[in-house]
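# Structural description and commentary
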Amino acid sequence: VQLVESGGGLVQAGGSLRLSCAASGRTFSLYTMGWFRQAPGKEREFVAAVNLIGSTSYADSVKGRFTISRDSAKNTKYLQMNSLKPEDTAVYYCAASNTYPMSTPRVVSSWGQGTQVTVSS
């Protein structure tokens, strides 16, 4: 499975960005897809995930601000990020797993290359 992210960039605090993750290859094995992020000097942390039946989960730090969605026909997932804060600055990684929930990097089977999100104050 190959995962390719797009949509990162620089935004002011309070602004919005939408990340995309396109999957190709053995996509039938992708039960759960989602996002992790890693800030400099910190561990990679869970952000959001959605499984094949549409169940979603979010980190407490992004609930109410971020929304994960999918376009099954395109094998693409999206992360709409609103009300961004400087502490959201990180490299965001698309991730896939055959388990749900996907709240730890240990259960991730495929990773994207990452996309930088920078939120200025």
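About the thresholds
Residues numbered from 1 in each chain as written. Predicted model: local features only at pLDDT ≥ 70, side-chain atom pairs only at ≥ 80, totals over all residues. Heavy atoms only, no water. Helix = DSSP H or I, 4+ residues; strand = E, 2+ residues; numbered from the N terminus. Rg over C-alpha atoms; globule rule 2.2 N^0.38 Å. Buried < 20%, exposed > 50% of the residue type's maximum accessible area, 1.4 Å probe, protein only. Contact = heavy atoms within 4.5 Å. Areas by Shrake-Rupley, 256 points an atom, 1.4 Å probe, with all protein chains shown as cover. Lys, Arg positive; Asp, Glu negative; His and termini not counted. Charge placed at Lys NZ, Arg CZ, Asp CG, Glu CD.

## Notes on the overall build of the chain
For the chain, the count of helices and strands is zero helices and 11 strands. Scanning the chain from its N terminus toward the C terminus, one meets helices and strands in the order β-β-β-β-β-β-β-β-β-β-β. Since a compact globule built from 121 residues should have a radius of gyration of about 14 Å, the 13 Å found for the chain is in line with a globular shape. The C-alpha extent of the chain, read off along each of the three principal axes, is 40 × 30 × 25 Å. In the chain, buried positions account for 44% of the 121 residues. When contacts within the chain are restricted to residue pairs at least 6 apart in sequence, long-range pairs at least 24 apart make up 56% of them. Of the roughly 6100 Å² that the chain leaves accessible, carbon and sulfur atoms contribute 48%. Within the chain, the 7 negative side-chain charges are centred at a point lying 6 Å from the centre of the 12 positive side-chain charges.

## Some words on unusual backbone geometry
In this chain, tyrosine 100 is followed by proline 101 through a cis amide linkage whose omega measures 5 degrees. Relative to the assigned elements, proline 101 resides in the loop between β9 (90-97) and β10 (110-111). Phi at asparagine 75 is positive, roughly 50 degrees, even though this residue is not glycine. Positive phi, close to 50 degrees, is recorded for serine 83, a residue that is not glycine. By secondary structure assignment, the location of serine 83 is in the loop between β8 (76-81) and β9.

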